[in-house]
Amino acid sequence: MIVFENVSKRYDDNQPAVNYLNLEIKKGEFFVIIGPSGCGKTTLLKMINRLIRLTEGTIKIEGKRISDYDINELRWNIGYVLQQIALFPHMTIEENIAIVPELKKWSKEHIQQRVHELLNMVGLEADKYSQRKPAELSGGEQQRVGVVRALAADPEIILMDEPFSALDPISRTKLQDDLLNLQRTIKKTIVFVSHDMQEALKLGDRICVMKDGEIVQLGTPQEIMQNPANDFVREFIGLNQDFKDTFNIESIIQPISKENVYLQVLHRVSVNDPLQIILNNLVDHEAIAVDQDSEIIGIITRESIIRYLAKDSLGRG
Ligand SMILES: Nc1ncnc2c1ncn2[C@@H]1O[C@H](COP(=O)(O)OP(=O)(O)O)[C@@H](O)[C@H]1O
Ligand SMILES: [Mg+2]
């Protein structure tokens, strides 16, 4: 179990990156931290393995303060996966994975057996991959090796900082699935940082939504979906930021025609309204009229928005 008691991190005189945080991560739990860029996710994560020193408060692992652990003992027993895979380019895949087991002075046979077992477990045939160099692997394969390396010395805790966000949608989905299966087998405590709510909902036993260094809401995916704590969470679970950034209302407005003229008596939205408002209106109305400078310029139907979203989500996986 990982416990944060009134933990703060101040880098300088500015706003604290993490502000009096209290948190309990359970043993064996898949714990996802989510929030916008700059809200303190990486800081929170790196304080656990003392890559960042906390300013105030206490973090305990299994009841013992992290400051009381030997730093090597602490780091070797916590796996760590980053967004940008940091494999050593001149070393083989096997050598890359073996780093911590070697530091822990495992025997050669034990290490080799472990590397092979792990590579096979994530779908990289050991005989084929173990002697290759990182450059001979695709991005998705390298990231798999990154995950394997974090697991190599059989740590109880694995920290993952947006590990899949640099991957293409298909590799990302595949790795998420594999990680879920893996977690069900190995039952480690995983603390996983994400900025993608779909990913968080898919992976997390519990999700911790952060904003400005503080916890906005902590709960199971169901709890968060059913009872978002405030507008910030509501907006976050609404849709991916990607969706909103690229949303173009004009692409889904249909002109008023003989066929649909009967629909326009219904509710009105403004051409400047965000996607969330339009979706909320379509919950109660089959179609809505779109207003620009007090004139109706067309309509949006449920069907047209579903088509738009379906196309978009296919494109992004
Ligand atoms: N080494 C640093 N020095 C000063 N400020 C930092 C440093 N690292 C992060 N910060 C600041 O702390 C805040 C939280 O950053 P970070 O934990 O990286 O957020 P996230 O991972 O959620 O994007 C941000 O405002 C960021 O600019
Ligand atoms: Mg970060």
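From a predicted model like this one, the values you see are computed outputs, not experimental measurements. (Residues numbered from 1 in each chain as written. Chains lettered and ligands numbered in written order. Predicted model: local features only at pLDDT ≥ 70, side-chain atom pairs only at ≥ 80, totals over all residues. Heavy atoms only, no water.)

Novice: Hey, could you run me through the sheet that holds strand S6 (residues 78–81) in this one?
Specialist: Backbone-to-backbone hydrogen bonds join strands into a sheet, with any given pair of strands oriented parallel or antiparallel. Taken in spatial order, the six strands line up as S6-S7-S8-S3-S9-S10 in an open sheet, and their pairing is mixed. Both outer strands of the open sheet, S6 and strand S10 (214–219), are each paired with one neighbouring strand and no more. Between one strand axis and the next, the sheet turns through 15° on average, direction left out of account. Pairing geometry for strand S9 (residues 206–211) and S10, over five bridges, is antiparallel. Following the sheet pairing, Lys 211 is matched in S10 by Glu 214. In this fold helix H1 (residues 41–48) packs onto strand S3 (30–34), S6, strand S7 (157–161), strand S8 (189–194) and S9, with an angle of close to 155° to the strand it touches most, S7. This element, helix H11 (residues 231–238), spans S3, S9 and S10 of the sheet and lies at about 120° to S9. (Pairing = 2+ DSSP bridges. Helix = DSSP H or I, 4+ residues; strand = E, 2+ residues; numbered from the N terminus. Axes fitted to C-alpha atoms, helices over the stretch in contact; angles between N-to-C directions. Contact = heavy atoms within 4.5 Å.)

Novice: I keep staring at the packing of aromatic side chains and nothing clicks. Help me out?
Specialist: Counted under the stated rule, the structure contains three aromatic pairs. Ring plane angle 45° and centroid distance 5.7 Å describe the contact between Phe 30 and Phe 192, whose orientation is recorded as tilted. Note that Phe 30 is positioned in strand S3 and Phe 192 in strand S8, a separation of 162 residues in sequence. Here Phe 30 matches Phe 192 in class, with each residue buried. Here Arg 132 stacks its cationic end above the ring of Tyr 129, 4.7 Å away from the centre of that ring. When the ring centre of Phe 232 is taken as reference, the NZ or CZ atom of Lys 211 above it lies at 5.4 Å. (Phe/Tyr/Trp six-rings, centres within 6.5 Å; stacked < 30°, edge-to-face > 60°. Buried < 20%, exposed > 50% of the residue type's maximum accessible area, 1.4 Å probe, protein only. Lys NZ or Arg CZ within 6 Å of the ring centre and 35° of its normal.)

Novice: Is there a simple way to explain helix H13 (residues 275–284) in this structure?
Specialist: Note: α-helices contain 3.6 residues per turn, so residues at a spacing of three or four share the same orientation. Of all the residues in H13, the buried ones are Leu 275, Ile 278, Leu 279, Asn 281 and Leu 282. Down the axis, H13 shows its buried residues gathered within 165° of arc, on one side only. For H13, exposure combined with an orientation more than 90 degrees from the buried face picks out Val 283 and Asp 284. (Arc of directions from axis to C-beta.)

Novice: Help me understand the pattern of salt bridges, please; the structure alone is not making it clear to me.
Specialist: Oppositely charged side chains are able to pair whenever their charged atoms sit close together. All chains considered together, the criterion is met by 17 salt bridges. In this structure, Asp 178 engages Arg 144 in a salt bridge whose closest nitrogen and oxygen atoms are separated by 2.5 Å. With Asp 178 in helix H8 (residues 169–186) and Arg 144 in helix H7 (residues 139–151), this pair connects stretches of sequence that are 34 residues apart. Take Arg 144: its relative accessible area is 10%, and that puts it in the buried class. (Salt bridge = Lys/Arg side-chain N within 4 Å of Asp/Glu carboxyl O.)

Scope: geometric values only; no functional claims are made or implied.
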